[in-house]
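Breakdown of the fold
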Amino acid sequence: MNKKELLLGNEAIAEAIVAAGCQVATAYPGTPSSEILPAVARCADGQNAKIAVEWGANEKVAYEMAVTATFAGARACCVMKHVGLNVAADPFMTTALYELKGGMLLVAADDPGPHSSQNEQDSRFFAMFAKVPCLDPSDAVEAAAMVAEGYALSERHGVVTMLRPTTRIAHSRQAVELPSVRAEGLPVKFDRNPVRWCPLPALVRTSHPKHNERIRRIREEFETDWSRYNYELPASKPAKLGVIASGIAFASLCDVLKEWGRTDVDILKIGTPFPLPSAMADAFVARHERVLVLEESYPVIEMQLKDRTRVLGRCDGTVPGAGELLPEVIAKILLKALDEPAPKGDVAVDFSPVLEDLHLVPRKPQLCPGCPHRSSFFSIRRALPNAINPSDIGCYTLGINQKGIDASICMGGAVTMSSGFFLAHRVTDQTRPVVATIGDSTFYHMGVPGLLSAVYNRHAFVLCILDNASTAMTGGQSHPGLGDKPRRDDPGIAVDLERLVRGCGVSFVETVPAYDNAAGVDAVKRAWQHAEAERQPAVLIFKHPCMLLRQPQEVIPMTVDQEKCVGCRYCIDYFGCPGLRFDEKAKKTSIDPRYCVSCGTCEPVCPHKAIVKKGAN
Ligand code: SF4
Ligand code: SF4
């Protein structure tokens, strides 16, 4: 018997990717998918497997590297989170119609809830939009098994195949059986054939109908040969209700029914939401008076059903239009569908008394103590309090607590939003400083094209790149500015940030130590003067490594002089380090030793000079 290991869902997927003989694995980090590529590298290093494992500068780059490897016959995969697929949408939509040579697995991890994402979009809709098959696992074991099946499906039909785990599958642990044998990679040889590999309009006119035919064949296959993922769990008593469920909602549904001891609900489990095994699903609907559809996050299965007159789901409002289908949510929906009161032993547990006992103080999401971004935001706000501050997606989004962020959209948006604010003011003959913030990884990901455009079009604003030498929010992955790659003994080259910015045509570029507030304030003021006078963007690089990288740094113990503190809360409202604690009764701030890491960056914050180095007062 193969060895079983307790693995994170993402680790199980990674093990399966290596075992499936994948030859090129690429990704851009994003929660909940971030652990997959490092785990692929660890597994490949451990087995000395021949796999190129690379971070792309963004998801489009990562996807194009992987899918092109399949043109030459290699087996490839690309991993990203759902919003990353928006970035990779262009090549994804086009190559969906290609007849690929090697197997291509796209892992698009969704975040219903959402736990750490800017939206709740459902990648299964993207699969349906692009017309590629989608595999929707309901636990880690199934996710790992679907990797090999996904490759086989991809190679049988020459199509991109999407695997779509969700947060609770990616981040839960389960005993997973590891394959004992690694599949052989495919022979690699690129045959020149522009008709096959170039999406000329004339060719698309023939490839699209061919692709429709492939999807029809895949649907037939899902109806008949995929019974391990698409199957019925019939009720043992006369069924009061039929439920079609997929993904983690299926696992939660089974838990709820088991808890209630109910055996009068028929279940149709769907592991292949697109193309839906329609004959199977429509027959299930026809056999029941009422059918409830449980799926996260959008009505993908529901909308593919032919007759929805007896169907309860998101379309008729039985299932909420947003949020996770947690067991307690499913319990409520089931009762509504069954038209029954709550049974004894309801799985919806009330945790509030437990939380009260723990005396937990709810806090807003915050930057870490000693985080260099906090000092940078403080400098930016102090230098130009009247400025508009666009920002981006990453840890620095938490600068919103320091009133340092006015607007944010998506990765790279800080730069292009600055252009938008500049243009809106210019056409109405107004001038207002615009000082934007973006992280180093995010700048490499999607900031560069916006900056090129701003230089070309002469847009006056200050772009502050908060360089903490990490893709910090997703767990500290590497990026082109660092040069280290995921696999052992596979060195990269670091792309110098300042030279890159100068190469974009920016004439004012300065690097500032993020902890140095006086230097930061001065640099922001000078940068804006230059941008305004020359009508072009100016760039500041605020530099200090992420605190979570645990690099040794100077220890500066701080204290708050209680005599001088007047309780104005300025330090709390505009700096907000968790190491600063405000006593509402005494109306005084003090240092909280549980969180303070003695970075010393709060010293210049207090307008009354109450925050001082220990021993200095
Ligand atoms: S430490 Fe300074 S800024 Fe903070 S509450 Fe006291 S006086 Fe105000
Ligand atoms: S020294 Fe100040 S800024 Fe640094 S962690 Fe302590 S309280 Fe926060």
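Shown above is the structure to which this text applies.
To start, this report covers the structure provided alongside it. (Residues numbered from 1 in each chain as written. Chains lettered and ligands numbered in written order. Predicted model: local features only at pLDDT ≥ 70, side-chain atom pairs only at ≥ 80, totals over all residues. Heavy atoms only, no water.)

Focus: the packing of helix α1 (residues 9-19) against helix α7 (residues 140-157)
Worth spelling out the cut-off: To get an axis, a line is fitted to the C-alpha atoms, and for a helix only the part in contact is used. The angle between two axes follows their N-to-C directions and goes from 0 to 180 degrees. Comment: elements are numbered from the N terminus, with helices defined as DSSP H or I runs of at least four residues and strands as E runs of at least two. Roughly parallel means an angle under 35 degrees; roughly antiparallel, over 145; roughly perpendicular, 65 to 115; everything else is oblique. Crossing handedness: left-handed means the near helix sits turned counterclockwise from the far one by under a right angle, and right-handed means the same turn made clockwise. For this analysis, residues touch if any pair of their heavy atoms sits within 4.5 Å. Just so you know the grouping, Ala, Val, Leu, Ile, Met, Phe, Trp, Tyr, Cys and Pro go in nonpolar, Asp, Glu, Lys and Arg go in charged, and all remaining residues, Gly too, go in polar.
Contact geometry for α1 and α7: axes closest at 8 Å, N-to-C directions at 20 degrees. Considering the angle they form, α1 stands roughly parallel to α7. Between α1 and α7 lies a crossing whose hand is right-handed. Facing α1, whose interface residues are G9, A12, I13, A16 and I17, α7 presents A140, A143, A144 and V147. Considered class by class, the residues forming the contact of α1 with α7 number 8 nonpolar, 1 polar and no charged.

Quick look at the site of ligand 1
Counted only if it meets this: Nearness here has a simple test: a residue counts as near a molecule or strand if at least one of its heavy atoms is within 4 Å of that partner.
Near ligand 1 the following residues occur: C565, V566, G567, C568, R569, Y570, C571, T589, C606, P607, H608 and I611. Considering only residue class, the shell around ligand 1 consists of 8 nonpolar, 3 polar and 1 charged.

Quick word on the environment of V512
The topology assignment puts V512 in strand β18 (residues 509-513). Counting along the chain gives 188 residues from V512 to E324, while the straight-line C-alpha distance between them is 43 Å. For V512, the contacting residues outside a window of four places in its chain are A519, G520, A523, L540, I541, F542 and K543.

Quick look at the environment of K60
Which entries qualify depends on this criterion: Throughout this description, buried means an accessible area under 20% of the type-specific maximum (1.4 Å probe, protein chains only), exposed means over 50%, and partly exposed covers the range between. Between N or O atoms, a polar contact is any pair within 3.5 Å; within protein, one atom must be a potential hydrogen donor and the other a potential acceptor, and residues adjacent in sequence are included only when both atoms are from side chains.
In this fold, K60 is placed in helix α3 (residues 59-71). Given the relative accessible area of 31%, K60 is considered partly exposed. Sequence-distant contacts of K60, that is, excluding residues within four places in its chain, are made with V87, A88 and P91. Separated by 2.8 Å, the side chains of K60 and E64 make a polar contact.

Let's talk about the site of ligand 2
Within the structure, ligand 2 sits among 14 residues, and C577, C596, C599, G600 and C602 are positioned closest to it. Grouping the constituent residues of the shell around ligand 2 by class yields 9 nonpolar, 5 polar and no charged.

What about the sheet that holds strand β3 (residues 52-55)?
Which entries qualify depends on this criterion: Paired strands, in this sense, are two strands between which DSSP finds at least two bridges.
Overall, parallel pairing links the 6 strands, which are arranged β3-β2-β4-β5-β7-β6 in an open sheet. This sheet does not close on itself; its edge strands, each paired only once, are β3 and β6 (134-135). Bridge analysis of strand β2 (residues 24-27) against strand β4 (residues 76-81) gives 4 bridges, and the strand direction is parallel. If you follow A25 over to β4, its bridge partner there is C77. Contacts from helix α2 (residues 36-47) reach β2, β3, β4 and β5 (104-109) within the one sheet, and its direction differs from that of β3 by about 150 degrees.

Structural notes on the sheet that holds strand β10 (residues 241-246)
Read from one edge to the other, the open sheet built from 5 strands follows the order β9-β11-β10-β12-β13, with strand pairing classed as mixed. Bordering the open sheet on either side are β9 (231-233) and β13 (311-312), each of which pairs with just one other strand. Alignment of strand β12 (residues 291-294) against β13, held across 2 bridges, turns out to be parallel. Of the residues in β13, the one forming a bridge with V291 is V311.

Some thoughts on the pairing of strand β22 (residues 588-591)
Along β22, the buried face is formed by T589 and I591; none of K588 and S590, which line the opposite face, is buried. Inspection of the sheet shows strand β21 (residues 580-583) paired to β22 by 4 bridges, in the antiparallel sense. Its bridge partner lying in β22, F582 is registered against T589. Taking the residues between adjacent antiparallel strands as the criterion, β21 and β22 are bridged by 4 residues, where K587 takes a positive phi near 55 degrees.

A short note on helix α11 (residues 247-260)
Each α-helix winds once per 3.6 residues, and so residues spaced three or four apart point in a common direction. Put simply, the test is: One less than the number of residues in a helix, times 1.5 Å, gives the span that helix is expected to have.
The terminal C-alpha atoms of α11 lie 21 Å apart, and with 14 residues this matches the ideal 20 Å at 1.5 Å per residue to within 8%. Turning to α11, its buried residues number three or more, namely G247, I248, A249, F250, S252, L253, V256, L257 and W260. G261, located one to two residues past α11, shows a positive phi value of around 65 degrees.

Quick look at the packing of aromatic side chains
This is how the line gets drawn: Pairing of aromatic side chains here covers Phe, Tyr and the six-membered ring of Trp, requires ring centres within 6.5 Å, and sorts the geometry by plane angle: under 30 degrees stacked, over 60 edge-to-face, intermediate tilted.
Summed over the entire model, instances satisfying the criterion amount to 15 aromatic pairs. Each ring, one from F71 and one from Y98, has its centre 5.5 Å from the other, and the planes form 35 degrees; the classification is tilted. Separated by 27 residues along the polypeptide, F71 in helix α3 and Y98 in the loop between α5 (89-95) and β5 bring together distant segments of the chain. Assessed through its relative accessible area of 11%, F71 is described here as buried.

Section: the pattern of salt bridges
Our working rule: Whenever a carboxyl oxygen of Asp or Glu lies within 4 Å of a side-chain nitrogen of Lys or Arg, that contact is scored as a salt bridge.
If you walk through the whole model with that rule in mind, you get 38 salt bridges. Between R164 and D136 there is a salt bridge; the shortest N-O distance is 3.0 Å. Taken together, the positions of R164 in the loop between β7 (160-163) and α8 (167-170) and D136 in the loop between β6 and α7 put the pair 28 residues apart, joining distant regions of the chain. Accessibility assignment for this pair places R164 and D136 in one class, buried. When the shortest N-O distance is used, the salt bridge between R217 and E213 registers 3.9 Å. Linking R217 with E213, this pair stays in helix α10 (residues 201-224), spanning 4 residues, or about one helical turn. The class for E213 is partly exposed, based on a relative accessible area of 31%. Here the residues in one salt-bridge network are D110, D122, R124, D136, R164 and E295, joined through shared partners.

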